[in-house]
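A look at the structure
Here is what each chain is made of, one letter per residue.
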Amino acid sequence: MYVQSTRYSPVGEYLRLLIMQRLAQGPARVEEVDELAKRAVERVGVRYDWRIWPELLRREVAVRDGVAELTDEGRWLLKTTRDVVAEYVRRTLGVALG
């Protein structure tokens, strides 16, 4: 088995990391995740369709009955790539993630 690496735009990586960090704290209503994604794109100040987040996170996040939660793959990916992706986002967008 192998893992295929996919690289998204800096804004897409920012959204993915931000949403996964939020969901690592526990499940959230889709409306909350929508608002988080919308505010994040506005904060960066680039033209980007924030509504794409479910497609960006199709393997990492499961949505059931209007609630989003991390999958096992999402937890693993966040744990193993958080720091590298955060540095990439900081360098490309100038946005620091905690």
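Scroll up to find the structure.
Below or above, wherever it landed, is the structure these notes cover. (Residues numbered from 1 in each chain as written. Predicted model: local features only at pLDDT ≥ 70, side-chain atom pairs only at ≥ 80, totals over all residues. Heavy atoms only, no water.)

1. Things to note about the overall build of the protein
Summing up its helical and strand segments, the protein has 4 helices and 3 strands in all. Ordered by position in the sequence, the α and β elements of the protein form the string α-β-α-α-β-β-α. Taken over the C-alpha trace, the protein has a radius of gyration of 13 Å; the compact-globule value for 98 residues is 13 Å, and the two agree within 12%. Expressed as lengths along the three principal axes of its C-alpha atoms, the size of the protein is roughly 35 × 35 × 20 Å. Counting only residues that meet the buried cut, the protein has 42% of its 98 residues in that class. In the protein, 63% of the contacts between residues at least 6 apart in sequence involve partners at least 24 apart. About 6400 Å² of surface is accessible on the protein, with carbon and sulfur atoms providing 49% of the total. Looking at charge distribution, the protein has the averaged site of its 17 positive side-chain charges lying 4 Å from that of its 15 negative ones. (Helix = DSSP H or I, 4+ residues; strand = E, 2+ residues; numbered from the N terminus. Rg over C-alpha atoms; globule rule 2.2 N^0.38 Å. Buried < 20%, exposed > 50% of the residue type's maximum accessible area, 1.4 Å probe, protein only. Contact = heavy atoms within 4.5 Å. Areas by Shrake-Rupley, 256 points an atom, 1.4 Å probe, with all protein chains shown as cover. Lys, Arg positive; Asp, Glu negative; His and termini not counted. Charge placed at Lys NZ, Arg CZ, Asp CG, Glu CD.)

2. Describing the packing of helix 1 (residues 10-24) against helix 4 (residues 72-93)
The N-to-C vectors of helix 1 and helix 4 enclose an angle of 135 degrees; their axes lie 9 Å apart at closest approach. Between helix 1 and helix 4, the angle is such that the two are oblique. The handedness of the crossing between helix 1 and helix 4 is left-handed. Packed against helix 1, whose contacting residues are P10, V11, E13, Y14, R16, L17, M20, Q21 and A24, the element helix 4 presents G74, L77, L78, R82, V85, A86, Y88, V89, T92 and L93 at the interface. (Axes fitted to C-alpha atoms, helices over the stretch in contact; angles between N-to-C directions. Parallel < 35°, antiparallel > 145°, perpendicular 65-115°, else oblique. Left-handed = near helix turned anticlockwise from the far one by under 90°.)

3. What to know about the sheet that holds strand 3 (residues 67-70)
Read across the sheet, 3 strands follow the order 1-3-2 without closing on themselves; strand pairing throughout is antiparallel. Every interior strand has two partners, whereas the edge strands, strand 1 (28-29) and strand 2 (61-64), have only one. Note: strand 2 against strand 3, 4 bridges, orientation antiparallel. By the bridge assignment for strand 3, V63 is matched with A68. Helix 1 rests against strand 1, strand 2 and strand 3 of the sheet, and its axis sits at about 90 degrees to strand 3. (Pairing = 2+ DSSP bridges.)

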